[in-house]
Amino acid sequence: MSSPSLGSAVGRVVPRGSRVLVALVVSTILIGLAIWRFDASLPLVTLLVPLVVSSLVLGPRQLPWFVVFVLLVLALVVPTQDDLSLRIALTVVIIFGLGFMVLLSSFRRTRLGVAGIQGEQMFVDLRDRILSQGGIPDLPDGWYAASELRSAGGTPFAGDFVVAARVEGRLEVAVVDVSGKGQGAGTRALLLCGALGGLLSALPPSEFLAGANRFLLQQDWDEGFATAIHLSLDLASGRYDIRSAGHPPAALRHAGSGRWQVLQSEGPILGLIDGAEFPAVSGEMRHGDALLLYTDGMVETRTRDIALGIDRMLGQAERLLRGQFEGGATRLIEALGSRNDDRALLLVHRR
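Residues numbered from 1 in each chain as written. Predicted model: local features only at pLDDT ≥ 70, side-chain atom pairs only at ≥ 80, totals over all residues. Heavy atoms only, no water.

Asks: Looking at this structure, I do not really get the overall build of the protein chain. What am I missing?
Replies: Helices and strands together make up the secondary structure of the protein chain, namely ten helices and ten strands. Every one of the 351 residues in the protein chain was classed for burial, and the buried ones make up 46%. Within the protein chain, counting contacts between residues at least 6 apart in sequence, those at least 24 apart form 69% of the total. Within the structure as shown, the protein chain displays about 18,000 Å² of accessible surface, and the carbon and sulfur contribution to it stands at 58%. (Helix = DSSP H or I, 4+ residues; strand = E, 2+ residues; numbered from the N terminus. Buried < 20%, exposed > 50% of the residue type's maximum accessible area, 1.4 Å probe, protein only. Contact = heavy atoms within 4.5 Å. Areas by Shrake-Rupley, 256 points an atom, 1.4 Å probe, with all protein chains shown as cover.)

As structure tokens, then:
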């Protein structure tokens, strides 16, 4: 009986949103008292424990005041030390320095409005939800498709991405390369990925790149452009339309000859020209054919131009995809491309 009553009493006295703050304040006071009472065995750096924990769990309104409180406790217990040596002086300087660093991070965090761990979880959840649009939808038994992404920094945040949807018996896919690379382009890519994922299902195939171009023109970005290639594939007949916006060309492997054909399609880069048009290259995928869509990170390096890079990629594709297309996207992206650039690859195979 006493335990629930105690819990309800604490709940009435301490609001739920302030319980972590109160716990940290109490622990800091106890640490300060322990340092004052047992100065010989408890070092001043123990005060870093609540300081570090607060930087992870407290919100932007509470964190600055708590940091000031910890530094105040430190200022009160330092004169109680028996031996004010150079070691203690350096410890105080380090703790104050870390406290100011936490204060600066709290001021930057006010723009987000949430605590450190919570903010990271929100951002990761947003990233996962948006990038889930790049997952290849379920296809009929006669088709196989897979996409792979790699970032320049080795993180999940990259400037290259893939969005895909299945609309009325058609597979609609766009491979996009946002200006910049790595985490610098990651935030723009997240926003653009969400927008293009909606446009892919909402607009007719012939209007998708034009809609993406209008969206980018409306953004106030310092680097407000992107390249893209759009595939609209009829899953019943194998007929396809490919439209490009300043992007490297797609490549089609003919099962009959075993040779790769580069499908040249022209169109301006997204976000530069209002009212731009994007003509289509059309064809038909027959049984056994395969199609590759990719970003320039797969074929272009500082020492090799894009034409030579495409030739090298198709040579590797002939070797790595021979007789086995499942898992081929992973094998290709691991074997090709610059590790200093973001890379994206889409492989489609008609069985």
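Asks: For this particular structure, what's the right way to read the packing of aromatic side chains?
Replies: Any pair of aromatic rings gets described here by the distance separating the centres and the angle formed by the planes. Overall, the coordinates contain two aromatic pairs when judged by the stated rule. Seen from their ring centres, phenylalanine 66 and phenylalanine 69 are 6.3 Å apart, and the 35 degrees between their planes marks the pair as tilted. Of this pair, phenylalanine 66 and phenylalanine 69 both sit in helix α4 (residues 63–77), three residues apart, roughly one helical turn. Judged by centre distance (6.5 Å) and plane angle (40 degrees), the rings of phenylalanine 96 and phenylalanine 100 are tilted. Of this pair, phenylalanine 96 and phenylalanine 100 both sit in helix α5 (residues 86–109), four residues apart, which is roughly one turn of the helix. Residue phenylalanine 96 is classed as partly exposed on the basis of its relative accessible area, which comes to 26%. (Phe/Tyr/Trp six-rings, centres within 6.5 Å; stacked < 30°, edge-to-face > 60°.)

Asks: Please clarify how the side chain of aspartate 289 should be interpreted in this entry.
Replies: With respect to the helices and strands, the residue aspartate 289 is situated in the loop between β8 (280–284) and β9 (290–294). Engagement of the side chain of aspartate 289 in a polar contact is seen with the backbone nitrogen of alanine 255, the distance being 2.7 Å. (Polar contact = N/O pair within 3.5 Å; in protein donor to acceptor, adjacent residues only side chain to side chain.)

Asks: Hey, could you run me through a nonpolar patch on the surface in this one?
Replies: Together, Val20, Val49, Val52, Val53, Leu56 and Val57 make up a nonpolar patch on the protein surface, roughly 450 Å² of accessible area in all. Ranked by the residues each element gives to the nonpolar patch, the list is headed by helix α3 (residues 48–57), at five residues. (Patch = residues over 30% accessible without salt bridge, like charges linked within 9 Å, V, L, I, M, F, W, Y side chains within 5 Å. Salt bridge = Lys/Arg side-chain N within 4 Å of Asp/Glu carboxyl O.)

Asks: Whenever I open this one, the environment of leucine 196 confuses me. Can you help?
Replies: By the secondary structure assignment, leucine 196 is in helix α7 (residues 183–202). With a relative accessible area of 1%, leucine 196 lands in the buried category. Sequence-wise, leucine 196 and glycine 211 are 15 residues apart; in three dimensions their C-alpha atoms are separated by 8.7 Å. Contact partners of leucine 196, with chain neighbours within four places excluded, come to Phe161, Val163, Val176, Phe208 and Ala212.

Asks: Would you explain the pattern of salt bridges in this entry?
Replies: Pairing is possible between side chains that carry opposite charge, provided their charged atoms lie close to one another. Tallying each qualifying case throughout the model produces six salt bridges. Of the charged contacts, one joins arginine 170 and glutamate 172 as a salt bridge, the two residues approaching to 3.5 Å between their closest N and O atoms. Aspartate 234 is the salt-bridge partner of arginine 170, the closest N and O atoms lying 3.9 Å from each other. Of the two residues, arginine 170 sits in strand β3 (residues 170–178) while aspartate 234 sits in strand β4 (residues 226–234), which places them 64 residues apart along the sequence.

Asks: What's the story with the sheet that holds strand β7 (residues 260–263) in this structure? I'm lost.
Replies: Neighbouring strands of a sheet are bound in pairs by backbone hydrogen bonds; such pairs are parallel or else antiparallel. Taken in spatial order, the five strands of this open sheet run β1-β10-β9-β6-β7, and their pairing is antiparallel. Each edge of the open sheet is held by one strand with a lone partner, namely β1 (143–150) and β7. Across this sheet, the average inter-strand angle for adjacent strands is 15 degrees, counted without regard to direction. In this structure, β9 lies alongside strand β10 (residues 343–350), joined through five bridges in antiparallel fashion. (Pairing = 2+ DSSP bridges. Axes fitted to C-alpha atoms, helices over the stretch in contact; angles between N-to-C directions.)

Asks: Would you explain the packing of helix α2 (residues 19–37) against α4 in this entry?
Replies: A pair of packed helices is characterised by two quantities: the angle between their axes and the separation of those axes. As a packed pair, α2 and α4 sit with axes 10 Å apart at the nearest point and diverge in direction by 10 degrees. Regarding the angle of α2 to α4, the classification is roughly parallel. Between α2 and α4, the residues in contact are Leu21, Leu24, Val25, Thr28, Ile29, Gly32 and Ile35 and Phe66, Phe69, Val70, Val73 and Val77, respectively. (Parallel < 35°, antiparallel > 145°, perpendicular 65-115°, else oblique.)

Asks: Would you mind going over the packing of helix α9 (residues 306–320) against helix α10 (residues 328–335) with me for this structure?
Replies: The contact between α9 and α10 brings their axes to 10 Å, and the two run at 135 degrees. On the basis of the axis angle, α9 is oblique to α10. Between α9 and α10 lies a crossing of right-handed hand. Here α9 contributes Arg312, Met313, Gln316, Ala317 and Leu320 to the contact with α10, which in turn contributes Arg331, Leu332 and Ala335. For the contact of α9 with α10, the residue count by class is five nonpolar, one polar and two charged. (Left-handed = near helix turned anticlockwise from the far one by under 90°. Nonpolar A, V, L, I, M, F, W, Y, C, P; charged D, E, K, R; others polar.)

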